[in-house]
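Remarks on the overall topology
What follows is each chain in one-letter form.
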Amino acid sequence: MKRVLSGIQPTSDSFHLGNYLGAVKQWVELQDGHDAFYCIVDLHALTIETDPALLRKRTLASAAQLIALGISPEKSTLFVQSQVPQHNQLGWIMECLTGFGEASRMTQFKDKSSKSGADSSRVGLFTYPMLQAADILLYQAHFVPVGEDQRQHIELTRDLAGRFNSRYGQTFQLPEAYILKTAAKINDIQEPTAKMSKSSGAVAGVIEIMDSPEANLKKIKSAVTDAGKEVRFNLAEKPGISNLLTIHSALSGQSIDSLEKDFEGKGYGDFKGAVAEVVVEYLRPIRARALELLEDEKHLLDILHQGSEKARSVASKTLESTYKNLGVVL
Ligand code: TYM
């Protein structure tokens, strides 16, 4: 069975629709027929200022949401990154393999550090992609289901794996990014040329899984639309409508062509009403299930501890062969 690994940061109280459509929906599909490892990457979340009580709460909320969205702890290994110390250990080796210039070219660091400037950013934000490479390579993953914004990090991971293998002998599987064409980048519904994002988006532009149905209904009905009045997919001329068509289609399963036909002669108002209904009804049982799971913290912790134990048993084997090939005395 081919291996799949992916990760998500516990940096907010709720995941958003971009996280789900760009990544987690594929995680759920891939757990059938693959050996799947899904990681809540709490160490990556430390690259920005964190509040200890919030980190804990959001790590548990992440687990509850992932399960409510369809990740089955029986089918997949669901675990917390910090509970598997091999991530830090291999992360260091990845840092020692990466050129400073190579790391400086990572666009996510440039974007995230641009607000306050590189000088006041954390070193951990700079070395973030090397820890991510370790996350992936420890599990010998064949596929990494992510959104478009992670493509460059997966390419770096492949480069590092190839470099290590050619210098020290075959050690790592070269992973492939698994990125859907249709939902690789869901945009902010108030600013439809920018990515929907946990950190940078204004609240009104981000559809959150844990938001109340009423709040999401209101947000979608106030989504920004474009000039003209036809419901037509055209990213350049109609970014707002195109984004809403993508969201509707991904959740309802109806093709964009057929949605365009259904809304011929109808206005943006009718269309937004329909998108709101699809989103709200899709998310309603998921939010309810996540809230229910959060009531039993012990059960969630048991699932995560079991997942982390399984993850450690796989990760320790890879780390051992890495050390051996490097000449580290074992
Ligand atoms: P994170 O936590 O920012 O996002 C989790 C996943 O959601 C995807 N995503 C989106 N997809 C489509 N449209 C959007 N607007 C959107 N916003 C987010 C992301 O691409 C991601 O797949 N570096 C990673 C976490 C990570 C990781 C890993 C991923 C750490 N180690 C190992 C894969 C493998 C991140 O910050 O994701």
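Definitions and limits used
- Residues numbered from 1 in each chain as written.
- Predicted model: local features only at pLDDT ≥ 70, side-chain atom pairs only at ≥ 80, totals over all residues.
- Heavy atoms only, no water.
- Near = heavy atom within 4 Å.
- Polar contact = N/O pair within 3.5 Å; in protein donor to acceptor, adjacent residues only side chain to side chain.
- Helix = DSSP H or I, 4+ residues; strand = E, 2+ residues; numbered from the N terminus.
- Nonpolar A, V, L, I, M, F, W, Y, C, P; charged D, E, K, R; others polar.
- Domains from an automatic or database assignment.
- Buried area = accessible area lost by both parts, 1.4 Å probe.
- Salt bridge = Lys/Arg side-chain N within 4 Å of Asp/Glu carboxyl O.
- Axes fitted to C-alpha atoms, helices over the stretch in contact; angles between N-to-C directions.
- Parallel < 35°, antiparallel > 145°, perpendicular 65-115°, else oblique.
- Left-handed = near helix turned anticlockwise from the far one by under 90°.
- Contact = heavy atoms within 4.5 Å.
- Core = buried A, V, L, I, M, F, W, Y, C linked by side-chain atoms within 4.5 Å.
- Buried < 20%, exposed > 50% of the residue type's maximum accessible area, 1.4 Å probe, protein only.
- Expected span 1.5 Å × (residues − 1).

Take the site of the ligand next. In the vicinity of the ligand, 28 residues are found, and the nearest of them are Tyr128, Asp135, Gly147, Asp149 and Ile186. At 3.1 Å, a backbone N or O of Gly18 approaches a nitrogen atom of the ligand. The backbone of Ile186 places a nitrogen or oxygen atom 2.8 Å from a nitrogen atom of the ligand. Listing elements by their share of the shell around the ligand, those giving two or more residues are β1 (3–8), α1 (17–30) and α7 (123–137). Considering only residue class, the shell around the ligand consists of twelve nonpolar, eleven polar and five charged.

This part is about the domain arrangement of the protein. Parsing the protein into structural domains produces domain 1 (1–182 + 296–324) and domain 2 (201–288). Computed from C-alpha coordinates alone, the two centres of domain 1 and domain 2 are separated by 30 Å. Here domain 1 and domain 2 share an interface that buries about 1,100 Å² over both sides, 74% of which is from carbon and sulfur atoms. Summed over the three residues of domain 1 that lose the most area to domain 2, namely Ser14, Leu17 and Leu21, the buried surface amounts to 43% of that side. The interface formed by domain 1 and domain 2 includes zero salt bridges.

Next up on the list: the packing of helix α4 (residues 86–97) against helix α13 (residues 297–326). At their nearest, the axes of α4 and α13 sit 10 Å apart, and the two run at 30° to each other. The orientation of α4 with respect to α13, classified from their angle, is roughly parallel. As for the relative orientation of α4 and α13, their crossing is left-handed in sense. Counted together, Gln86, Gln89, Leu90 and Ile93 of α4 and Arg312, Ala315, Ser316, Leu319, Thr322, Tyr323 and Leu326 of α13 form the full contact between these two elements. Of the residues belonging to the contact of α4 with α13, the class tally is six nonpolar, four polar and one charged.

Within the secondary structure, His248 sits in helix α10 (residues 239–252). Beyond its immediate stretch of four places on either side in the chain, His248 contacts Gly253, Gln254, Leu259, Ala274, Val275 and Val278.

Here we take up the nonpolar core. The biggest cluster of nonpolar side chains holds 55 residues, and the ones touching the most others in it are Leu17, Leu66, Ile207, Ile247 and Val279. When contributions to this core are tallied by element, the ones reaching two or more residues are β1, α1, β2 (35–40), α3 (52–68), β3 (77–80), α10, α12 (268–294) and α13. It is α12 that provides the largest number of residues to this core, a total of nine residues. When residues are assigned to domains, this core turns out to be shared by domain 1 (1–182 + 296–324) and domain 2 (201–288), each giving three or more.

Further remarks concern α3. The α-helix advances 3.6 residues per turn, and as a result positions three or four apart in sequence lie on the same side. Here α3 is 17 residues long and its end C-alpha atoms lie 24 Å apart, about the 24 Å a rise of 1.5 Å per residue gives. In terms of burial, α3 is largely enclosed, as twelve of its 17 residues are buried. Within the sequence span of α3, burial applies to Leu55, Arg58, Thr59, Leu60, Ala61, Ser62, Ala63, Ala64, Gln65, Leu66, Ile67 and Ala68. Residue Asp51 occupies the N-cap position of α3, its side-chain oxygen lying 3.0 Å from the main-chain nitrogen of Ala53. Within two residues after α3, Gly70 carries a phi angle of roughly 125°, on the positive side.

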